[in-house]
Amino acid sequence: MRSAPPTSELTDHIGYWLRYVSNHVSQAFARKVEAHGVTVAEWVLMRQLLNEDAIAPSRLAERMGMTRGAVSKLAERLIAKSMLVREADPNDGRAQTLALTRTGRAMVPKLAALADNNDSEFFDHLAPTDRAALLRILRAIVEKRGLKSLPVD
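Okay, so let's go over this structure. Since this is a predicted model, take the numbers as computed values, not measurements. The numbers attached to residues start from 1 for each chain and follow its sequence in the written order. Only residues with pLDDT of at least 70 are given local features in this predicted model, and only at 80 or more are side-chain atom pairs given and counted; all residues enter the totals for whole chains, interfaces and linings. Heavy atoms from the whole structure form the basis of all side-chain values; hydrogens and water molecules are not counted.

## Here we look at helix 5 (residues 102-123)
With 22 residues, helix 5 extends 32 Å between its outermost C-alpha atoms, agreeing within 8% with the 32 Å of an ideal straight helix rising 1.5 Å per residue. All buried positions along helix 5 are accounted for by Gly 104, Met 107, Val 108, Leu 111, Leu 114, Ala 115, Asn 118 and Phe 123. By the criteria applied, helices consist of DSSP H or I runs no shorter than four residues and strands consist of E runs no shorter than two, each listed in order from the N terminus. To estimate the expected span of a helix, count its residues, drop one, and scale the result by 1.5 Å. Three exposure classes are used, based on accessible area relative to the maximum for each residue type with a 1.4 Å probe and protein chains only: buried under 20%, partly exposed in between, and exposed over 50%.

## What about the environment of Asp 12?
Mapped onto the elements of the fold, Asp 12 is located in the segment before helix 1 (14-34). When its relative accessible area of 53% is taken as the criterion, Asp 12 is described as exposed. At 2.9 Å, the side chain of Asp 12 forms a polar contact with the backbone nitrogen of Glu 9. Whenever two N or O atoms come within 3.5 Å, that pair is a polar contact, provided that in protein one can donate a hydrogen and the other can accept it, and provided that, for residues adjacent in sequence, both atoms are side-chain atoms.

## Considerations on helix 1
With 21 residues, helix 1 extends 30 Å from end C-alpha to end C-alpha; this agrees with the ideal 30 Å at 1.5 Å per step. Regarding helix 1, the residues found buried are Val 25, Ala 28, Phe 29, Ala 30, Lys 32 and Val 33.

Take a look at the structure:
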């Protein structure tokens, strides 16, 4: 009678370590942005809009890898916080566009600085070559797997 192969430990898996680090990095960042009145998902949407004058919600949803409904919910929350405006598309009166307000546009660099600081807190101890290698490897996985949706939670 053959014995079953040994059951691998959780810590034997790269995915375990990716999730472990990701959870801690993400939770720390979420606390930082929430102190400024926005969620990580709202921040991601705002950052996507920074270099746009106005964009159709459907294009934004496609770019973010989200449903139009999810983008609409995020937009509603940001509109309520005076960070975003919804307007009629000047090229198509039936369509709408989303754009950052002056307040929202001013908030994005502040939140980006929080993201930069969060990265520094977790990854500055790595040698520059190790940090570059980690980024290269993670980007290669994204490319190979064809991953499209932006991490928002």
